[in-house]
Amino acid sequence: MRTKTNYLKSFILLVLGLIAGIGGAMFFGGRNANTSKQPLTKTFELPTDMKLKSVVLETHFQNKLDSLQQTNAALSGKIFNTQSALQKAKHDNKVLLELVDTLMVQTANEADTPQKLADCDTLQSAVKDLVLSASIKDSLYEDLSTTLSSRIANKDSVIGVLQQEYLCQKLSFDQSLVQQQLLSGQSNDYQQQLKRFKAKNKLLSAGLFILSGIATYGLLHHN
């Protein structure tokens, strides 16, 4: 009877040892799992923060684009005005050139000295006007060339801003994908941990049930 009792006690201690081992593994395993996951969660960004960052980026680049569009509109207006002034200067230059040619022929054919002197004075004045008109025309051509170059540079700036916005939004999108992958991986890890926990819990419950049955059986026979 004593041998049977000793055997029963040994078996109960064995079951208790198994239960204690499983409980300890669950406790320390859970602590290690949580510790390993804590640094990972720090890299996560809230969806509201990500949305706010995207809005801030969009607003930043939109303000730049609006400014460039305003500059482009001003340059377009200046080009239109310069082209209009240039057309007028070319017309005036053509009229003065024809006048100078006419006066030169008229002066050359004039026999009367006083009239010839008067024609020379008129020719001299017309030549001065022609020189001034040519200078204005050349200046307008330079202004037009400079403004056209500025508008091309402005359009290049628009393209540059659009490229920057694309790269920034793409980087934000890539970060979002990486975060989703991290969350998905962590969710899978948690699911695996939950499955292991359930399995260990079932094993622990089974051990407790067996221990309870053995203890009850032992008490009944002991009595």
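Points about the overall build of the chain
Here is step 1 of the chain: A count of helical and extended segments in the chain gives three helices and zero strands.
Here is step 2 of the chain: Going residue by residue from the N terminus, the α and β elements of the chain occur as α-α-α.
Here is step 3 of the chain: In the chain, 89% of the contacts between residues at least 6 apart in sequence involve partners at least 24 apart.
Here is step 4 of the chain: Carbon and sulfur atoms form 62% of the exposed surface of the chain, whose accessible area is close to 16100 Å².

Details of the pattern of salt bridges
Pairing between side chains of opposite charge can happen when the charged atoms of each approach one another.
Here is step 1 of the chain: Summed over the entire model, instances satisfying the criterion amount to one salt bridge.
Here is step 2 of the chain: Between Lys-88 and Asp-92 there is a salt bridge; the shortest N-O distance is 2.9 Å. Linking Lys-88 with Asp-92, this pair stays in helix α2 (residues 47–109), spanning four residues, or about one helical turn.
Here is step 3 of the chain: For Lys-88, a relative accessible area of 54% translates into the label exposed.
Here is step 4 of the chain: Using a relative accessible area of 28% as the deciding quantity, one classes Asp-92 as partly exposed.

Description of the environment of Ser-149
Here is step 1 of the chain: Considering the arrangement of structural elements, one finds Ser-149 in helix α3 (residues 113–222).
Here is step 2 of the chain: Of the residues examined, Ser-149 reaches a relative accessible area of 42% and is grouped as partly exposed.
Here is step 3 of the chain: Along the backbone, Ser-149 and Leu-75 are 74 residues apart, and their C-alpha atoms lie at a distance of 10.0 Å.

Describing the side chain of Asn-72
Here is step 1 of the chain: As for its placement among the helices and strands, Asn-72 is situated in helix α2.
Here is step 2 of the chain: Ignoring sequence-local partners within four residues, the contact set of Asn-72 consists of Arg-151, Asn-154 and Lys-155.

Here we look at the environment of Ser-84
Here is step 1 of the chain: Looking at where Ser-84 falls in the secondary structure, it is placed in helix α2.
Here is step 2 of the chain: Under the relative-accessibility criterion, Ser-84 is labelled partly exposed at 37%.
Here is step 3 of the chain: Spatially, the C-alpha atom of Ser-84 lies 9.9 Å from that of Leu-140, the residues being 56 residues apart in sequence.

A closer look at the side chain of Thr-82
Here is step 1 of the chain: Of note, Thr-82 is situated in helix α2.
Here is step 2 of the chain: Contacts of Thr-82, omitting those with residues within four sequence positions, involve Leu-140, Asp-143 and Leu-144.

Focus: the confidence of the model for the chain
Here is step 1 of the chain: Summing up the model confidence of the chain, the mean pLDDT is 76 and the portion of residues at 70 or higher is 68%.
Here is step 2 of the chain: Contacts of residues 33–42 to residues separated by more than four positions or lying in other chains number eight contacts, the stretch itself having pLDDT below 50.

Quick notes on the environment of Lys-90
Here is step 1 of the chain: Within the fold, Lys-90 resides in helix α2.
Here is step 2 of the chain: Put simply, Lys-90 and Asp-138 are 48 residues apart on the chain and 9.8 Å apart in space, counted from C-alpha to C-alpha.
Here is step 3 of the chain: Residues in contact with Lys-90, not counting those within four places in the same chain, are Lys-137 and Tyr-141.

What counts, and at which threshold
Residues numbered from 1 in each chain as written. Predicted model: local features only at pLDDT ≥ 70, side-chain atom pairs only at ≥ 80, totals over all residues. Heavy atoms only, no water. Helix = DSSP H or I, 4+ residues; strand = E, 2+ residues; numbered from the N terminus. Contact = heavy atoms within 4.5 Å. Areas by Shrake-Rupley, 256 points an atom, 1.4 Å probe, with all protein chains shown as cover. Salt bridge = Lys/Arg side-chain N within 4 Å of Asp/Glu carboxyl O. Buried < 20%, exposed > 50% of the residue type's maximum accessible area, 1.4 Å probe, protein only. pLDDT = per-residue confidence, 0-100.

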